[in-house]
Amino acid sequence: MTSLAVPEHPWLLPGELVVPADRGRTRPRRTTRDWIVDSIAFLVSLLWVLLVTADALSPRPEMAAPLPHDWLAGADALLGLVCSGLLWLRRRWPLGLVVATTPLTMFSLAAAAPLLIFYFTVVVHRRTAVAVAVTGAGLVTNLIFSWLRPDPAWPYWATASWGVVLSFAVLAWGMFVRARRQLIVSLRERAERAEAEQQLRVTQARHLERTRIAREMHDVLAHRISLLSLHAGALEFRPDAPADEVARAAGVIRGSAHAALQDLREVIGVLRAERDDDDAPEPPQPTLADLPALIAESRAAGVRVNVTDSVVTPGEAPAALGRAAYRIVQEGLTNARKHAAGAAVTVDVAGGPGNGLTVAIGNRWPVGTPAGGALPGAGTGLVGISERVTLAGGRLAYGRDDAGDFRLAAWLPWPT
């Protein structure tokens, strides 16, 4: 996934928009655009100082009242040059420079251009309350400057009004630039947050998919391997069985092993599939119509299974409902073979549209330890079945009933 943090042309943006201050740096680094802007501001300030100084030394000054001594024009020019040099530090200490140089605006005309740039920088980079306070101080010094150095051609109120208009124009421009940068930062944070949330959703989806695959693997392979173990145990228990029975049992073992390998191959294929193959069709899933074949497999392995099937219109059952019912019966038969070998198993399936589907599997509680020991189990089969039933909106109960037998019962909703 492409990161949204790095723009395509970072040199065209201000430093704070390329590397925000909260990303490991206390101050953003100057970009090419910042260097160009600072250089232009410095050159404009130098030209302003030269222009003001030349006007002040002329016989008839036009910008302000003539100074009583020529050395005052030189001092004013020196102040302008110093403030122009300080422009290179305005990004680091904008408010400090404004506070230190605001008194100069009461009498210095040569420093007016760099001081105006300082003021603009404060408006862009500091809070609105700070910008308004600086503006108020600038308006006061503007009134004093208009009185100390009046324009030869304009009256006092016109000169003061022009300074007020210029101050508010710079304030509006700076607030617009600040608002635009804040909007860009906000949109970037929103996009990055959306990207992080998308990655989290992808991670959660992968986790859920792996959980589903693990549940399917357990349901399928536990059933197949329990059949293998049951047939192998029968051969071990009766080594003197007739050759045709041994051959039949070996054939069942071979068929079950082949089916288990096929199921395992399908699961591994899903695990290895690329993300681009998410729309690929899944292998056929079991339904209610496959329950007789499942019962037949257990009976072929020697398990006594008594089935009561009173489902109304089983062909109309939704695919998800049929798959869940199949897995419940499969898990019940697998548990009976693993933990109650030799015990008869009862399977009751009933229900229909509107009433829901009831699936119940029961067997006698085992007495003692089976010959050869119980088959190993991870204990996650019933947990997976519980998750299936919960996702389907049904109910599940399992454990010993009043008669002391083990019973696994589930109810699944079957919409009309």
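Refer to the structure above for everything that follows.
Small disclaimer: the values here were computed from a predicted structure and weren't measured.

### So, the overall build of the chain
Along its length, the chain carries 11 helices and 5 strands. Among the 416 residues that make up the chain, the fraction classed as buried is 36%. Of the contacts formed within the chain by residues at least 6 apart in sequence, a portion of 71% connects residues at least 24 apart. Accessible area of the chain: about 24400 Å², with a carbon and sulfur share of 63%.

### Overview of the packing of helix 10 (residues 319-339) against helix 11 (residues 381-391)
The interhelical angle for the contact between helix 10 and helix 11, taken along N-to-C directions, is 160°, at an axis separation of 10 Å. The angle between the axes of helix 10 and helix 11 places the two elements in the roughly antiparallel class. As for how helix 10 packs across helix 11, the hand of that crossing is left-handed. Seen from helix 10, the contacting residues are Arg323, Arg327, Ile328, Glu331 and Asn335; seen from helix 11, they are Gly381, Leu382, Ile385, Arg388 and Val389. Its residues placed into classes, the contact of helix 10 with helix 11 shows 4 nonpolar, 2 polar and 4 charged.

### Topic: the sheet that holds strand 4 (residues 395-400)
Taken in spatial order, the 5 strands of this open sheet run 1-2-3-5-4, and their pairing is mixed. Each edge of the sheet is formed by a strand with only one pairing partner; in this case those strands are strand 1 (305-311) and strand 4. Direction aside, neighbouring strands of the sheet carry axes that sit 5° apart on average. One ladder, built from 8 bridges, connects strand 2 (residues 345-352) with strand 3 (residues 356-363); its direction is antiparallel. Each bridged residue has a counterpart across the sheet, and for valine 345 the counterpart in strand 3 is asparagine 363. The sheet strands contacting helix 9 (residues 291-300) are strand 1 and strand 2, and the helix crosses strand 1 at an angle near 170°.

### Remarks on the layout of surface pockets
As a volume, the second largest pocket reaches approximately 900 Å³. Lining the second largest pocket are 33 residues, with Ala112, Asn142, Phe145, Gly163 and Leu166 positioned closest to its centre. Elements represented by at least two residues in the lining of the second largest pocket include exactly helix 4 (94-101), helix 5 (112-125), helix 6 (128-148) and helix 7 (156-237). Counting residues per element, the lining of the second largest pocket draws most heavily on helix 6, which supplies 9 residues. Split into classes, the residues belonging to the lining of the second largest pocket amount to 19 nonpolar, 12 polar and 2 charged.

### Describing the packing of aromatic side chains
Following the criterion strictly, the structure yields 4 aromatic pairs and no others. Geometrically, the ring pair formed by tryptophan 35 and tryptophan 88 is tilted, given 6.0 Å between the ring centres and 40° between the ring planes. Taken together, the positions of tryptophan 35 in helix 2 (residues 32-57) and tryptophan 88 in the loop between helix 3 (70-86) and helix 4 put the pair 53 residues apart, joining distant regions of the chain. Residue tryptophan 88 is classed as partly exposed on the basis of its relative accessible area of 28%.

### Description of unusual backbone geometry
Despite not being glycine, threonine 313 shows a phi value in the positive range, around 50°. Position of threonine 313 among the secondary structure elements: in the loop between strand 1 and helix 10.

### Structural notes on the pairing of strand 3
When you tally the buried positions in strand 3, you get 7 out of 8 residues, the bulk of the element. The hairpin turn running from strand 2 into strand 3, its antiparallel successor, is 3 residues long, and glycine 354 in that turn takes a positive phi close to 90°. Sheet topology places strand 3 next to strand 5 (residues 406-412); 7 bridges connect them, and they run antiparallel. Looking at strand 5, one finds that isoleucine 361 is bridged to leucine 408.

### Structural notes on helix 10
The end-to-end C-alpha separation of helix 10 is 30 Å, in line with the 30 Å expected for 21 residues at 1.5 Å each. Here helix 10 lies mainly inside the structure; 17 of its 21 residues are buried.

### Here we look at the side chain of serine 146
Tracing the backbone shows serine 146 in helix 6. With relative accessibility at 1%, the residue serine 146 sits in the buried group.

### Section: the packing of helix 4 against helix 5
Direction vectors running N to C along helix 4 and helix 5 enclose 140°, while the axes themselves pass 9 Å from each other. Looking at the two axes, helix 4 sits oblique to helix 5. Crossing of helix 4 over helix 5 shows left-handed handedness. Touching Pro94, Leu95, Leu97, Val98 and Thr101 of helix 4 are Leu115, Phe118, Tyr119, Thr121 and Val122, all from helix 5. Split by residue class, the contact of helix 4 with helix 5 holds 8 nonpolar, 2 polar and no charged.

### Some words on the side chain of threonine 135
Of note, threonine 135 is situated in helix 6. When residues no more than four places from it in sequence are discounted, the contact partners of threonine 135 are Tyr119 and Leu171.

### So, the nonpolar core
With 30 residues, the main nonpolar core has Ile328, Val329, Leu333, Val347, Leu357, Val359 and Ile361 as its most contacted residues. Those elements that provide at least two residues to this core are helix 9, strand 1, helix 10, strand 2, strand 3, helix 11 and strand 5. For this core, the leading source of residues is helix 10, giving 8 residues. Excluding anything up to four places from it in sequence, valine 359 contacts Ala325, Ile328, Val329, Asp348, Val349, Leu408, Ala409 and Ala410. Membership of the second largest hydrophobic core comes to 21 residues, among which are Cys83, Leu97, Val130 and Val177.

What counts as what
Residues numbered from 1 in each chain as written. Predicted model: local features only at pLDDT ≥ 70, side-chain atom pairs only at ≥ 80, totals over all residues. Heavy atoms only, no water. Helix = DSSP H or I, 4+ residues; strand = E, 2+ residues; numbered from the N terminus. Buried < 20%, exposed > 50% of the residue type's maximum accessible area, 1.4 Å probe, protein only. Contact = heavy atoms within 4.5 Å. Areas by Shrake-Rupley, 256 points an atom, 1.4 Å probe, with all protein chains shown as cover. Axes fitted to C-alpha atoms, helices over the stretch in contact; angles between N-to-C directions. Parallel < 35°, antiparallel > 145°, perpendicular 65-115°, else oblique. Left-handed = near helix turned anticlockwise from the far one by under 90°. Nonpolar A, V, L, I, M, F, W, Y, C, P; charged D, E, K, R; others polar. Pairing = 2+ DSSP bridges. 1 Å grid on protein atoms, 1.4 Å probe; cavity = no way out; pocket = protein on both sides within 12 Å on 5 of 7 lines; lining within 4 Å. Points joined across faces, edges and corners; volume = space filled by probe spheres on them. Phe/Tyr/Trp six-rings, centres within 6.5 Å; stacked < 30°, edge-to-face > 60°. Expected span 1.5 Å × (residues − 1). Core = buried A, V, L, I, M, F, W, Y, C linked by side-chain atoms within 4.5 Å.

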